[in-house]
Amino acid sequence: MKKILVTGGTGYIGSHTVVELFEAGYTPIIIDNLSNSSIGVLDQIKKITGIKPEFHNLDLCDEKQVKDFINKNPDIEGVIHFAASKAVGESVEKPLKYYHNNLFSLINLLNAFSDRKVNFVFSSSCTVYGQPDELPVTEAAEVKKAESPYGNTKQIAEEILKETATSNPNFNILSLRYFNPVGAHKSALIGELPLGVPQNLVPFITQTAIGKREKITVYGDDYNTADGSAIRDYIHVVDLAKAHVAALKYLNENTITDHYDVFNIGTGNGYSVLEVIRAFENTTNVKLNYEIGERRSGDIEQVWGDITKSKQKLGWTAKLGIEEMMRSAWAWEVYLRDENPFEL
Ligand code: WQD
């Protein structure tokens, strides 16, 4: 049975994690308010796994809705909490929306589970490191002042989780600090759903390649890196999804010190923007129309993760390389154009 609550489970990372949970023998239950995803994802997941996930459209910021749901589901053993607003730029324009949505939802969930034992995996982000002083960045690195309200909500959420776990032994909690999730399931039936103009690099690349965008701008080539463009640790979304299954297994098999721990979930390799563009062109044989532009405010220069701790404790490492990230991202974009599965 092993019922796992997946909040934000119709989203990009959430949907890929639901697939991996089914494959690992869990029973995922999705809560999502569909504010940044489509309910059609449920049928897409069924095409992959043969099972249509149980789904509830609830507002996690509504304390009563959350409490009633959790009390009606006493057999939920674990939670993976993805649901949050995540656009860095939007968070600068609408900070209160981000603090309200990202923190009220977390607090309501924790309150609803406080009277029973539960394993809790939280979707955090390498954004908490800001520009690390040393690379690769380890989990022991200083958490720096966030560059955006979005990043600040992740930092505050980690503090809430750590203090809740220390004060209430019912909780066993892991925060997974993702680097840059990209790519799509090998079936091309699920992927990053493009609602509006993409903020992130890879969806902008694939939309430019398919002709939805005229060109892509490289935000700066005057950084202190080999080719001048900024470096990130891109991780295939399926590897990231598998890390959540490994995290649940770890929580099932271990009681962790202070009931709280943090893990970097990346590949340990950094790629520059120009290297990603070249990798896309070489993998897909599609030429990209790009230009060099100004730096984007709030961007850091370079970051990639030290994933030793995840490898040693979770027994997890990323397996898929940049070519599969680019191939699968492109296949997903082509599928969206040819099949239009969500009538977007
Ligand atoms: C990557 C690189 C851009 C678009 C953010 C969040 C992080 C996570 C992922 C939610 C940067 C450059 C981008 C473009 C470009 N979000 N770029 N042209 O900013 O590293 O991380 O998204 O969980 O928490 O902080 O990702 O994909 O936006 O940018 O040159 O059109 O690509 O400047 O160097 P980022 P990104």
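Residues numbered from 1 in each chain as written. Predicted model: local features only at pLDDT ≥ 70, side-chain atom pairs only at ≥ 80, totals over all residues. Heavy atoms only, no water.

The name given to the chain in an unreviewed UniProt entry is UDP-glucose 4-epimerase, and the organism recorded there is Albibacterium bauzanense. Under the UniProt heading Subunit (unreviewed entry), the note attached to the chain is "Homodimer." UniProt annotates the chain under Sequence similarities (unreviewed entry) with the comment "Belongs to the NAD(P)-dependent epimerase/dehydratase family." (UniProt positions renumbered as here; feature names shortened; annotations may be inferred.)

**Regarding the sheet that holds strand β6 (residues 171-178)**
Spatial strand order, β3-β2-β1-β4-β5-β6-β11: 7 strands in an open sheet with parallel pairing. What marks the edges here is a single partner per strand, and that holds for β3 (54-56) and β11 (260-265). Mean inter-strand twist for the sheet, computed between neighbouring axes without regard to direction, equals 20°. In this structure, strand β1 (residues 3-7) lies alongside strand β2 (residues 27-31), joined through 5 bridges in parallel fashion. Note that in β2 the partner of lysine 3 across the bridge is threonine 27. Sheet strands in contact with helix α6 (residues 149-167) are β5 (118-125), β6 and β11, and its direction is about 155° off that of β5. (Pairing = 2+ DSSP bridges. Helix = DSSP H or I, 4+ residues; strand = E, 2+ residues; numbered from the N terminus. Axes fitted to C-alpha atoms, helices over the stretch in contact; angles between N-to-C directions. Contact = heavy atoms within 4.5 Å.)

**Description of the nonpolar core**
With 46 residues, the main nonpolar core has Leu21, Leu174, Leu176, Ile265 and Leu314 as its most contacted residues. Secondary structure elements with two or more residues in this core: β1, α1 (12-23), α2 (41-49), β6, α8 (237-253), β11 and α11 (322-339). Top contributing element to this core by residue count: α8, with 10 residues. Counting residues in each nonpolar core, the second largest holds 28 residues, with Ala157, Phe171, Ile173 and Tyr260 among its members. (Core = buried A, V, L, I, M, F, W, Y, C linked by side-chain atoms within 4.5 Å. Buried < 20%, exposed > 50% of the residue type's maximum accessible area, 1.4 Å probe, protein only.)

**Points about α11**
Every α-helix carries 3.6 residues per turn, so stepping three or four residues along brings you back to the same face. With 18 residues, α11 ought to run about 26 Å at 1.5 Å a step, and its terminal C-alpha atoms sit 25 Å apart, in line with that. Listing the buried residues of α11 in full gives Ile322, Met325, Met326, Ser328, Ala329, Trp330, Trp332, Glu333, Tyr335 and Leu336. Packed against the buried residues of α11 are α2, β7 (180-182), α7 (201-209), β10 (234-236), β12 (271-272) and α9 (273-284). (Expected span 1.5 Å × (residues − 1).)

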